Each structure stands twice: as C-alpha cells, then as structure tokens.
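Each chain is listed here by its residues.
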Amino acid sequence: MSATNVWTRSRERMRRFPELLAQCGSEAAAYGKCVSATTKSKQELQRDLCAAEFTALKRCFATAVKKGGK
Amino acid sequence: MNNAISKRLIGGGSCMCRRLYSTPTVRYPAAPQATPVRLSQGDAVADWSHFHNNNNGLLSLSQHVCAARMSHQKTFSSMAGGTMNVFDRNMKRKQKNWASMLPDTQKYDYLRDEVGRRVADRVYDIARTFPLALDVGCGRNHIAEHLSKDIVERLFLTDISENALKQKKESEIPSRCVLADEEFLPFRANTFDLVVSSMSLHWINDLPGAFRQIQQVLKPDGVFIGAMVGGETLYELRCSLQLAELEREGGFAPHVSPYTAVTDLGNLMGRAGFTMLTVDVDEIQVHYPGILEVMKDLQGMGESNCAWNRKSMLHRDTLLAAAAIYQEMYGQEDGSVPATFEILYMIGWKPHESQAKPARRGSGNVSFDELGKLTPPSSPARSKGQ
C-alpha cells in the first residue's frame, strides 16, 4: 500500500461527495430548479442569478462535511 | 507585406479578414470565458462575429491587422483542407496509459465491450473470410474477443497507448500488436482485407486524413467497419457543466469535446474514397448514481477531456452546482442520472470492379409508379400454401 498523500486525501474527499450531496437533497433541488427554469423561460442565465439558492446549498454541504468529520 | 493583396482582400470578400482579427477587437456576446476552437496559430483568433464593411474604424484596423498577419493566410487556407488541431494527442496517450494501469481497469470496459460486440456483429454480416485484418485503436482488444478465427485469420492491433496493448485481452485469433497513432498508420497500401475500429476515432484531429489512410491500407474490395461516439453524446454532462459554470463563474469552458455529426459522416467517408456506405446510429444510455460517477468512469475509460483549450481545473463550487443541476434536470425517479452515448457505425468499401455498379441511366424499363403493383415471384405461391 502506498502512503497517504495529497492525491489519496483528495480522492478520499471526492469519494464522500455523493453521500454528502444526498444529505442536501432539498437545497440541491431548489438550486437545480432555479437554474433549469432559465432554460425554459426568456430569462437569460447570468452569473449569481441563483446565488441565494447556491449559498443555502453550500452551507448545507459544509455542515454535512463537518458532521461527517474525520 | 504585400499591401495590394491585403487591400484586395478587404475590398473584395473580406472573408479572410474576418478570421484574422487581433484579440482586442473580438467581442463575445454571450460567453466571456469561452475560447473559440484554437487552431495551431496561438496569436490569430478565429472570430465569427459580424464584420461590417461600412464601419471605417474597424476597416482601417483590420486592414492593418491583415497586413501584419499575411504570413498566416497560407496556413489558414491550407487548413480548409481539413487539418484541424483540436486535441492534444500526447495527453490522450497519457490518459489512456494511466487508465489501463488502473488495478480495476476491466471495470470500465463495459461500454467498449458492448460497442466492440456490435462491431463484431457487423463483421459477421459479411459472408466472407478475411485473411488479414487491422484493428485501429484497439484499446484492450474489445472487438477480437467477439470474433472467431474462422472469420478473421490474422489480426493486427494498433493503439497509441502501450499499456493498453500490454494489458490486452487474449483472443483465439493470432494477432500482432503495433504501437501506432491512428493518424499515422504505418502500413503499406493495399495490405488488409478488413479494417475495424471501435471507440477511438472521435479523438482524431484529422478525421478525413485518417479515413483516407484507412482506405489506402485496405485492399481493393476490402471493407472498413468502424464505430465512434458522436452526435449528442454526453449532452447531459455538457449542459449541466455549462449551466453551472455560467451561473457560478459567468462563462463556460469546453468540457465535453466536439463530436462528428452523423450527417457529416457519409460525406467524410465518400470524400475519402469509400463506396457503398452504410451509416447508422445507436443510442446507449447508461444510468449512474450521480455526476461524479459519470466523470470517474469516463476517466477510467481514458476518455477524459484532451482538447487543447480545455480548462485545467473545475472549481469546487461549480462541481457542486453541476451535480445539483444534473440531478434536477435529468434525474430519474429512482435517483439515478442517465448519460447518453450516441454511437455512429460506419461501413465503407474500397472500390473494385467486381462490385455492383448503378445501372446505366435510362436503362430502366419499369416505372416507379408501378412499384406498388410489383409482386415478388415467390409470394403468391406462399400465400396459396397457407
């Protein structure tokens, strides 16, 4: 076995990504709805159009990371 | 440089100047970060935005630019011949080498195995024995394991990745490996009776040239059977990454490479000198738990992005956003997300006098109007028997 290094650590973090995201299902859905709504309406997608939804999603994700902690 | 020529270009079509803007005059209306397909000249930017001849300011500027950039015009016009430089082939070799060194590399073979099986199926459709065949971009030998040695007697395998060739799966056909780039086939003309290729031609820069080479190494009346991804492949991944980057960063970079459209494939093969073309499309949809699994599997297949203008990193916010968008826009009821692969199959023959030719014009003696009245000779007998 190889020792832990920056690659194994970051891969380990990425491996946990799906389960962490699953904990924020409602926030992810809200953000996804906000962005995908622009593909159907006349509204053009711009930077930070869904900033509020994304902040909520990110906060939830960060909490999940902490909860899952090492 | 020659001022007369540059003036003529501006006065005449101005089509050259349109391509030869220097960067400051280029405006991107929609996507500030999007870089156009980069040609091999680093300093000349391909720009298709509107150019008005009556705008004097622009005109004088472009005249200046044209005069300064005349040296590039030759290369540009020769590029119209079809030599694009979109993909970093060296990077592709590294990716494939890396992927085939993974301890669980056979886990990522599912798509190649499936397409290889379908290509082999098309080989069986031809009632012939092929003494000598070539597999272009064989990977870990995904076609030959579905073929028998009664059909293909000897096989040459080529791939750009030496690790893939080392790890190739065994088959019953006596075969020999050659490490070669698909763009530069190291074989004598008129050598092979059959050339097959599966899931590798979509990373080729000069596709017309590659087809021409394949046509050359075929014997007359030899057949080429190929499969590559194209069309709308991975549109879910492409869309969600674009939307996420637009919303988070205000612009997007190409993450999924440009593909050949099925409508162009026939022309490409016709231009390379193939006859009796057959082109068809198959759609394979794979369901994954989420966006990360899609990307991980693509990486494991050695199918990571290797366009020259690729972005070297994906921001973690963008990744989170893309995962949410992918799930929301394409997610199924069971929580899985689909990834679509459109596989283009092509069959082409090298011309030979024994092949069926179209009948001489005017030689027909049945009108198309009567096609409905024609009955095959055996059908009345069969209906009587029932």
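Above this note sits the structure.
Cut-offs applied
- Residues numbered from 1 in each chain as written.
- Chains lettered and ligands numbered in written order.
- Predicted model: local features only at pLDDT ≥ 70, side-chain atom pairs only at ≥ 80, totals over all residues.
- Heavy atoms only, no water.
- Helix = DSSP H or I, 4+ residues; strand = E, 2+ residues; numbered from the N terminus.
- Buried < 20%, exposed > 50% of the residue type's maximum accessible area, 1.4 Å probe, protein only.
- Contact = heavy atoms within 4.5 Å.
- Areas by Shrake-Rupley, 256 points an atom, 1.4 Å probe, with all protein chains shown as cover.
- Buried area = accessible area lost by both parts, 1.4 Å probe.
- Polar contact = N/O pair within 3.5 Å; in protein donor to acceptor, adjacent residues only side chain to side chain.
- Lys, Arg positive; Asp, Glu negative; His and termini not counted.
- Salt bridge = Lys/Arg side-chain N within 4 Å of Asp/Glu carboxyl O.
- Patch = residues over 30% accessible without salt bridge, like charges linked within 9 Å, V, L, I, M, F, W, Y side chains within 5 Å.
- Phe/Tyr/Trp six-rings, centres within 6.5 Å; stacked < 30°, edge-to-face > 60°.
- Lys NZ or Arg CZ within 6 Å of the ring centre and 35° of its normal.
- Pairing = 2+ DSSP bridges.

What am I meant to see in the overall build of chain B here?
If you tally the helices and strands in chain B, you get 13 helices and seven strands. Of all 386 residues assigned to chain B, the portion counted as buried reaches 50%. Counting contacts in chain B only where the partners sit at least 6 residues apart, residues at least 24 apart contribute 79% of the total. Carbon and sulfur atoms form 53% of the exposed surface of chain B, whose accessible area is close to 19200 Å².

Looking at this structure, how should I read the interface of chain A and chain B?
Much of the literature gives interface size as the accessible area that the parts lose upon coming together. Residue-level contacts link 24 residues of chain A with 18 residues of chain B. Summed over both partners, the interface of chain A with chain B buries about 1800 Å², with 71% contributed by carbon and sulfur atoms. For the pair chain A and chain B, the interface holds seven residue pairs in polar contact (both at pLDDT 80 or more). For the side of chain A that touches chain B, the secondary-structure elements that each account for two or more residues are helix H1 (6–22), helix H2 (25–40) and helix H3 (51–68) of chain A.

Explain the side chain of Lys 350 of chain B to me, please; I cannot follow it from the model alone.
Residue and element names in this part refer to chain B. Tracing the backbone shows Lys 350 in the loop between strand S7 (337–349) and helix H13 (379–385). One buried charged residue, Lys 350, remains without a salt bridge, the closest side chain of opposite sign being Asp 221 at 11 Å. Within the structure, Lys 350 has its side chain in polar contact with the side chain of Asn 190 (distance 2.9 Å).

Would you mind showing me how to read the environment of Ile 173 of chain B here?
All names here are of chain B. With respect to the helices and strands, the residue Ile 173 is situated in the loop between helix H7 (162–166) and strand S3 (175–179). Since its relative accessible area comes to 2%, Ile 173 is described here as buried. If we ignore the near neighbours within four places in the chain, the residues touching Ile 173 are Ala 144, Leu 147, Ser 148, Lys 149, Val 152, Glu 153, Arg 154 and Leu 155.

Would you mind going over a nonpolar patch on the surface with me for this structure?
Residue and element names in this part refer to chain B. Together, Val 366, Phe 368, Leu 371 and Leu 374 make up a nonpolar patch on the protein surface, roughly 440 Å² of accessible area in all. Looking at where Val 366 falls in the secondary structure, it is placed in the loop between S7 and H13. For Val 366, a relative accessible area of 46% puts it in the partly exposed group.

I would appreciate a short explanation of the packing of aromatic side chains in the present structure.
Two aromatic rings, taken as a pair, are described by how far apart their centres are and by the angle between their planes. Per the stated rule, a full pass over the model turns up 10 aromatic pairs over all chains. Centroid distance Tyr 235 of chain B to Tyr 330 of chain B: 5.9 Å. Interplanar angle 85°. Geometry classified as edge-to-face. One end of the pair, Tyr 235 of chain B, is in helix H9 (residues 235–249); the other, Tyr 330 of chain B, is in helix H12 (residues 316–330), and 95 residues separate them in sequence. Within the aromatic cluster, the residues linked to one another by ring pairs are Phe 156, Phe 187 and Phe 192 of chain B. One residue, Lys 92 of chain B, lies across the ring of Trp 203 of chain B, its end atom 3.9 Å from the ring centre. A cation over an aromatic ring shows up here: Arg 248 of chain B above the ring of Phe 54 of chain A, its NZ or CZ 4.0 Å from the ring centre.

Looking at this model, I keep getting lost on the pattern of salt bridges. Mind explaining?
All names here are of chain B. Under the criterion given, the structure shown has 23 salt bridges over all chains. Residue Asp 280 pairs with Arg 122 through a salt bridge whose shortest N-O separation is 2.6 Å. Placement of Asp 280 in strand S6 (residues 275–288) and of Arg 122 in helix H6 (residues 110–124) is noted, with a sequence separation of 158 residues between them. The exposure class assigned to Arg 122 is buried, which follows from its relative accessible area of 15%. In this structure, the salt-bridge partner of Lys 169 is Glu 145, at a minimum N-O distance of 3.2 Å. Taken as a pair, Lys 169 in the loop between H7 and S3 and Glu 145 in the loop between strand S1 (130–136) and strand S2 (152–159) lie far apart in primary sequence, 24 residues in all. On the accessibility criterion, Lys 169 (18% relative accessible area) is buried. A network of salt bridges, in which partner residues are shared, links Arg 89, Asp 181, Glu 182 and Glu 183.

Could you clarify how one ought to interpret the pairing of strand S5 (residues 218–229) of chain B in this entry?
Along a regular strand, successive side chains alternate from one face of the sheet to the other. Residue and element names in this part refer to chain B. By the criterion of burial, S5 is predominantly enclosed, with 10 of the 12 residues buried. By the bridge criterion, six bridges tie strand S4 (residues 192–198) to S5 in an arrangement that is parallel. Following the sheet pairing, Val 195 is matched in S5 by Phe 224. Where S5 meets S7, seven bridges bridge the pair, whose relative direction is antiparallel. Residue pairing for S7: Met 228 is matched across the bridge by Leu 344.

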